[in-house]
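# Reading the structure
The residues making up each chain are set out below.
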Amino acid sequence: MSFRRIREKWEGIRETLRSDIQAVFDRDPAARSVLEVVLTYSGLHAIWMHRLAHWMYKKKWFLLARMLSQFNRFLTGIEIHPGAKIGKGLFIDHGMGVVIGETCEIGDNVTIYQGVTLGGTGKEKGKRHPTIEDNVLIASGAKVLGSMRIGRNSKIGAGSVVLREVPPNSTVVGVPGRVVVQNGVRVPNDLDHCNLPDPVNEMLSKMQEEITRLRKEVDSLKKQMETVREEQEDVYSTVQHTD
């Protein structure tokens, strides 16, 4: 490899590291200095260790790559498979509990908060994790599952479970996740996300309705049996009187 090629690679690495640091300053008002960010931000540490693990993964040093990713998880609480592809300027805020799967692809200037899972939905082969386009924000506890695309400039609300593709410039909330805003316009939606349905309460209500229905049937059967018993007694009395 020529000196020029080495220099170009080094410049590319420096630019990527610089963009990772700048992402912290752009999106975290608590960041005070470069030294503080480099020494204390676990999300930045996780991203940098992943970049090294991903380089090993591309070299087919799979065991070393997985060992480094597990060490990364031990230190930061953030689990990123070395096969995941991550662009420039990713910001993982707080980060504890973040999981990013093997075939996940993340674009530039993406923001991820704690407890986010970018995972698969089963044991299928091939591309099984989401693709996150540029400038996406994924809030705390959100789950994005399966091989789908989250369009650029979209926002995924806290605690949402996203199982379908999201168009660009959208806001998604709820379980399952639904688009409520697209291109700055509220999307008509029958689901009121301030009053999400309670599946347990719905099941209990259905059980109560079924119990009420069964009680009515039992009462009806009791009345029929009482009527039959009275008729039998009348017949018996008539037979005795005839004898």
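Residues numbered from 1 in each chain as written. Predicted model: local features only at pLDDT ≥ 70, side-chain atom pairs only at ≥ 80, totals over all residues. Heavy atoms only, no water.

## Examining the layout of surface pockets
For clarity, the cut-off: The pocket and cavity definitions rest on a 1 Å grid over protein atoms only: a 1.4 Å probe that fits but cannot leave marks a cavity, an open set with protein on both sides within 12 Å along at least five of seven lines marks a pocket, and residues lining either have an atom within 4 Å of a point. Grid points are joined across faces, edges and corners, and a volume is the space filled by probe spheres set on the points. Strands are runs of DSSP state E lasting at least 2 residues, helices are runs of H or I lasting at least 4, and numbering of each runs from the N terminus. Any residue that is not Ala, Val, Leu, Ile, Met, Phe, Trp, Tyr, Cys, Pro, Asp, Glu, Lys or Arg is counted as polar, Gly included; the first ten are nonpolar and the last four charged.
One number sums up the size of the largest pocket: a volume of about 490 Å³. With seven residues, helix 1 (residues 3–27) is the single largest residue contributor to the lining of the largest pocket. Along its surface, the second largest pocket is lined by Val162, Leu163, Arg164, Glu165, Val166, Val172, Pro176, Gly177, Arg178 and Val179. Tallied by class, residues from the lining of the second largest pocket come to six nonpolar, one polar and three charged.

## A short note on the sheet that holds strand 2 (residues 85–86)
Going by this rule: One bridge is not enough; two strands pair if DSSP finds at least two bridges between them.
The four strands are arranged 2-5-8-11 in an open sheet whose pairing can be described as parallel. Across the chains shown, the open sheet's two edge strands, defined by having one partner strand only, are strand 2 and strand 11 (149–150).

## Here's the deal with unusual backbone geometry
Rules: Only protein chains enter the calculation, and the probe is 1.4 Å; a residue is then buried if its accessible area is under 20% of its type maximum, exposed if over 50%, and partly exposed in between.
A cis geometry characterises the amide bond from valine 175 onward to proline 176, with omega recorded as -5°. Positionally, proline 176 belongs in the loop between strand 14 (170–173) and strand 15 (178–182). The phi angle at histidine 94 is positive, at roughly 65°, despite the residue not being glycine. Mapped onto the fold, histidine 94 is located in the loop between strand 3 (91–92) and strand 4 (99–100). By relative accessible area, which is 57% here, histidine 94 ends up exposed. The phi angle at asparagine 153 is positive, at roughly 65°, despite the residue not being glycine. Classification of asparagine 153 as partly exposed rests on a relative accessible area of 35%.

## Some points on the packing of helix 3 (residues 42–58) against helix 4 (residues 62–76)
What counts is decided by this rule: Between N-to-C directions, angles span 0 to 180 degrees; the directions come from axes that are lines fitted to C-alpha atoms, helices contributing only their stretch in contact. By the definition adopted for this analysis, an angle is roughly parallel if under 35 degrees, roughly antiparallel if over 145, roughly perpendicular if from 65 to 115, and oblique otherwise. Contact criterion: two residues are considered in contact whenever any of their non-hydrogen atoms come within 4.5 Å of each other.
Remark: helix 3 packs on helix 4, axes separated minimally by 8 Å, with the N-to-C direction vectors making an angle of 175°. With respect to helix 4, the axis of helix 3 lies roughly antiparallel. Side by side, helix 3 and helix 4 meet where Ser42, His45, Ala46, Met49, His50, Leu52, Ala53, Met56 and Tyr57 of the first sit next to Phe62, Leu64, Ala65, Leu68, Phe71, Asn72, Leu75 and Thr76 of the second. Split into classes, the residues belonging to the contact of helix 3 with helix 4 amount to 12 nonpolar, five polar and no charged.

## Overview of a positive patch on the surface
Quick note on the threshold: In this analysis, a patch consists of residues with relative accessible area above 30% that form no salt bridge, clustered at 9 Å for like charges and at 5 Å for the nonpolar side chains Val, Leu, Ile, Met, Phe, Trp and Tyr. Areas reported here follow the Shrake-Rupley algorithm with a probe of radius 1.4 Å; residue values treat only the protein chains shown as occluding. A side-chain nitrogen of Lys or Arg and a carboxyl oxygen of Asp or Glu constitute a salt bridge if their distance falls within 4 Å. In this charge count, Lys and Arg are treated as positive and Asp and Glu as negative; neither His nor the chain ends contribute. By convention, charge coordinates are those of NZ in Lys, CZ in Arg, CG in Asp, or CD in Glu.
The grouping of Lys9, Lys58, Lys59, Lys85 and Lys127 at the surface amounts to a positive patch. Position of lysine 58 relative to the elements: it lies in helix 3. Given a relative accessible area of 58%, lysine 58 falls into the exposed group.

## Some words on the domain arrangement of the protein
Which entries qualify depends on this criterion: An automatic or database domain assignment supplies the start and end points of every domain.
Partitioning the protein into structural domains gives domain 1 (3–186) and domain 2 (197–242). Centre-to-centre, using C-alpha coordinates, domain 1 lies 62 Å away from domain 2.

## Structural notes on the nonpolar core
Keep this limit in mind: Throughout this description, the term nonpolar core refers to a set of buried Ala, Val, Leu, Ile, Met, Phe, Trp, Tyr and Cys residues connected via side-chain atoms within 4.5 Å.
Grouped together as the largest cluster of nonpolar side chains are 27 residues, with contacts concentrated most on Ile100, Ile106, Ile112, Leu118, Ile138 and Ile150. Those residues in contact with isoleucine 150, other than ones at most four positions away along the chain, are Thr131, Ile132, Glu133, Val136, Val144, Ile156, Val162 and Val166. Residues Val24, Val37, Tyr41 and Phe91 belong to the second largest nonpolar core, which totals eight residues.

## Details of the pairing of strand 15
Pairing analysis gives four bridges linking strand 14 to strand 15, with the strands arranged antiparallel. Along strand 15, the bridge assignment pairs valine 173 with arginine 178. Connecting strand 14 to the antiparallel partner strand 15 that follows it, the hairpin turn spans four residues, and glycine 174 within it adopts a positive phi of roughly 95°. Note that strand 15 and strand 16 (residues 185–186) share two bridges and pair antiparallel. Paired with valine 181 across the strands is arginine 186, a residue of strand 16. Counting the residues that bridge the hairpin from strand 15 to strand 16 gives two residues, and of these asparagine 183 lies at a positive phi of roughly 55°.

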